[in-house]
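Below are the chains, spelled out letter by letter.
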Amino acid sequence: MDSYDVIVIGTGAGGGTLARHLAPSGKRMLLLERGDWLPREPQNWLAQDVFVDNRYVSPDTWYDEKGKPFQPQIHYFVGGATKLYGAALYRLRREDFGELRHHDGVSPAWPISYDELEPYYTQAEQVYEVHGARGEDPTEPPASAPYPFPAVSHEPRIQQLSDDLAAAGYHPFHAPCGIRLVESNMPYSACVRCMNCDGFPCAVHGKSDADVLGVRPALEHPNVTLLTNAKAVRLDTNDAGSAVTQVTVERDGATETFAGDIVVLACGAANTAKLLLLSASDKHPNGLANGSDQVGRNYVFHASQAVLALSREENPTIFQKTLGLNDFYFGRDDFEFPLGNIQMVGKSQAPMFRGEKPKQTKLAPSWTLERIARHAIDFWLSTEDLPRPENRVTVDREGKLTLSYTPTNEVPKQRLLAQLKSMLGHLGMHEDHLIHRFAYMKNEIPVAGVAHQAGTCRFGTDPRTSALDRDCKAHELDNLYVVDTSIFPSIGAVNPALTAMANSLRVGDHLLERLT
């Protein structure tokens, strides 16, 4: 059985970032990725293949609480979900780390403060080449350094929208973007500023994902080994149950085992919980790290809405995801509870409508969908989803994953949509022509939209109410860590990727001290 200093299971925002951070240490490190390299091919940029044919959605089946099967919109590749994410790399607000009152209850405090994570946010922005502008967003937390790259410029129609919002008294800002763009020197820019970014893989490696900027730099070090198509299926412990001694992997139709002094999980909120639950033993009858019965619980994934607004004039924007609005993040004058974040998403293309709403568009002529796409301005609205113990992942003995979920914060979610409608009527939009898009929610099954999944293995100071300690080490095991979004006690209302990256760097520093 091969032995390593560190085994990292999963190569997405958490695992890929950690691998890069630990690689220069010289310690023997094994990266296990259940998927393969995402192929670089023309289909990367074809909306028909990506949104209608689901070419890159991994063949997994989960079940809801009624036993109904569904296919989660999940991606198993080197780089994980970041291979197809929109690369919106926001920091959580400082207030998100404390206890926050919401319409449906309380969002719990984190065991660390924003100030503790801030240096790692800055480091993560540098690693992932984030473009942005400080000082535009009134809710933004303090930062110890400017963004490493200037904000991505608005194209004319989005600049007009920004100007109109500002004239109406709002505070639009340049969204923080993780794209490898050099606008001042395009011949040397990896990113070509195309329309096939948000929700697409990038064929030219112009996206700041955990494959390109995490795993590949790590693999430049001879002490790092990557195994693809290697699915971890069980963790075994020593006789005392105090440390993980063995990782069992299914690869190429065979079973292999590996030993690691430190084992780090970064499989995503649902699959990290699944692996821990499947690793039950006499010493850990409810699953590893689960003496508190918290593993799998408190699943959250944002109360999100993709909304298409029809502009009276055509919208020729190519790269649209450059604007955000947080004026209602913590509420508004007539509503005391937080509403959430408004941001742009990738520009609509006609084939997307057939993929996202197949029944409604089946008989629609292509020219109609093309016309809608030409006039579309596309928004993504996120309201915080509150952790509930009953919103949870469970696994049976055969490994069948059940995701039981009831939405939270529906009133703020609808108020945020109403706020958007009220603004757009004054900004050259058809306010009565807002069309709901179900990006990442194929066939309108919201629970299948797992791009922002979090919770299930939260960290904290009390072993009775958390699975992990402040360093994201399992309370009950000396060498088991978690660095994906499952550690989140709450999810806030902005994209979680940068927070996962920053926390992975924080845990990485702890591990470097431990490995010395």
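Residues numbered from 1 in each chain as written. Predicted model: local features only at pLDDT ≥ 70, side-chain atom pairs only at ≥ 80, totals over all residues. Heavy atoms only, no water.

Caption draft 1: Summary view of the overall build of the protein chain. When its secondary structure is counted, the protein chain shows 11 helices and 21 strands. For a compact globule of 516 residues, the expected C-alpha radius of gyration is about 24 Å, and the protein chain comes in at 22 Å, within 12% of that figure. Principal-axis analysis of the C-alpha atoms gives the protein chain an extent of 70 × 50 × 50 Å. Each of the 516 residues in the protein chain was classed as buried or not, and the buried ones make up 61%. In the protein chain, the share of contacts with a sequence separation of at least 24, taken over all contacts with a separation of at least 6, comes to 73%. For the protein chain, the accessible area works out to roughly 19,500 Å², and carbon and sulfur atoms hold 50% of it. Measuring between centres, the 50 positive side-chain charges of the protein chain sit 4 Å from its 64 negative side-chain charges. (Helix = DSSP H or I, 4+ residues; strand = E, 2+ residues; numbered from the N terminus. Rg over C-alpha atoms; globule rule 2.2 N^0.38 Å. Buried < 20%, exposed > 50% of the residue type's maximum accessible area, 1.4 Å probe, protein only. Contact = heavy atoms within 4.5 Å. Areas by Shrake-Rupley, 256 points an atom, 1.4 Å probe, with all protein chains shown as cover. Lys, Arg positive; Asp, Glu negative; His and termini not counted. Charge placed at Lys NZ, Arg CZ, Asp CG, Glu CD.)

Caption draft 2: Broad picture of empty space enclosed by the protein. Taken as a whole and assessed by the stated rule, the structure comprises six cavities of 30 Å³ or more. Considering only enclosed or pocket space, the largest cavity measures out at about 130 Å³ in volume. What lines the largest cavity is a set of 15 residues, among which Arg93, Asp137, Glu140, Tyr147 and Pro176 lie closest to the centre. Class assignment for the residues of the lining of the largest cavity results in six nonpolar, two polar and seven charged. (1 Å grid on protein atoms, 1.4 Å probe; cavity = no way out; pocket = protein on both sides within 12 Å on 5 of 7 lines; lining within 4 Å. Points joined across faces, edges and corners; volume = space filled by probe spheres on them. Nonpolar A, V, L, I, M, F, W, Y, C, P; charged D, E, K, R; others polar.)

Caption draft 3: Seen up close, the pattern of salt bridges. If you walk through the whole model with that rule in mind, you get 24 salt bridges. Between Arg193 and Glu155 there is a salt bridge, and its shortest N-O distance comes to 3.3 Å. Linking Arg193 in the loop between β9 (173-174) and α5 (211-219) with Glu155 in the loop between β8 (149-150) and α4 (156-167), this pair joins segments that are 38 residues apart in sequence. Of the charged contacts in the structure, one is a salt bridge between Asp236 and Arg234, with a shortest N-O distance of 2.7 Å. Residue Asp236 is classed as partly exposed on the basis of its relative accessible area of 21%. On the basis of relative accessibility, which here comes to 25%, the residue Arg234 falls in the partly exposed class. (Salt bridge = Lys/Arg side-chain N within 4 Å of Asp/Glu carboxyl O.)

Caption draft 4: Geometry of the sheet that holds strand β18 (residues 392-395). Pairing within the open sheet is mixed, and its four strands lie in the order β4-β3-β19-β18. In the strand order of this sheet, the two ends are held by β4 (69-70) and β18, each with one partner. Where β18 and strand β19 (residues 401-404) come together, four bridges link them in antiparallel fashion. Residue pairing across strands places Thr394 opposite Thr402, the latter belonging to β19. (Pairing = 2+ DSSP bridges.)

Caption draft 5: Highlighting the confidence of the model for the protein chain. Residues with a pLDDT of 70 or more make up 93% of the protein chain, whose mean pLDDT is 92. Under a pLDDT of 50 for its full length, residues 438-445 has, in the predicted model, 26 contacts with residues more than four places off or in other chains. (pLDDT = per-residue confidence, 0-100.)

Caption draft 6: Broad picture of the environment of Asn290. Mapping Asn290 onto the fold places it in the loop between α6 (269-278) and β14 (303-311). The sequence separation of Asn290 and Ala467 amounts to 177 residues, and the corresponding C-alpha distance is 6.3 Å. In this structure Asn290 touches Leu277, Val295 and Glu476, once residues within four positions along its chain are discounted. Looking at Asn290, its side chain comes within polar contact range of the main-chain nitrogen of Gln294, at 3.0 Å. (Polar contact = N/O pair within 3.5 Å; in protein donor to acceptor, adjacent residues only side chain to side chain.)

Caption draft 7: Broad picture of α6. Along α6, nine of the 10 residues are buried, which leaves the element largely enclosed by surrounding structure. All of the buried residues along α6 are Ala269, Ala270, Asn271, Thr272, Ala273, Lys274, Leu275, Leu276 and Leu277.

Caption draft 8: The arrangement of the packing of helix α1 (residues 15-22) against helix α11 (residues 497-515) in detail. It is the contact of α1 with α11, at a shortest axis distance of 9 Å, that shows an interaxial angle of 40°. Here α11 runs oblique to α1, going by the angle between their axes. Seen along the crossing, α1 lies across α11 with a hand that is right-handed. Touching Thr17, Leu18, His21 and Leu22 of α1 are Met501, Ser504, Leu505, Gly508, Asp509, Leu511 and Leu512, all from α11. Here the contact of α1 with α11 is composed, by residue class, of six nonpolar, four polar and one charged. (Axes fitted to C-alpha atoms, helices over the stretch in contact; angles between N-to-C directions. Parallel < 35°, antiparallel > 145°, perpendicular 65-115°, else oblique. Left-handed = near helix turned anticlockwise from the far one by under 90°.)

Caption draft 9: Seen up close, the side chain of Asn409. With respect to the helices and strands, the residue Asn409 is situated in the loop between β19 and α10 (410-424). Sequence-distant contacts of Asn409, that is, excluding residues within four places in its chain, are made with His102, His103, Asp104, Thr383, Glu384 and Leu386.

Caption draft 10: The nonpolar core, seen in detail. Residues Ile9, Leu235 and Leu480 are the most contacted members of the largest nonpolar core, which totals 104 residues. When near neighbours in sequence (up to four residues on either side) are disregarded, Leu480 contacts Leu235, Val244, Val263, Leu265, Leu276, Leu288, Cys472, Lys473 and Ala474. Residues Leu161, Ala309, Leu323 and Leu420 belong to the second largest nonpolar core, which totals 23 residues. (Core = buried A, V, L, I, M, F, W, Y, C linked by side-chain atoms within 4.5 Å.)

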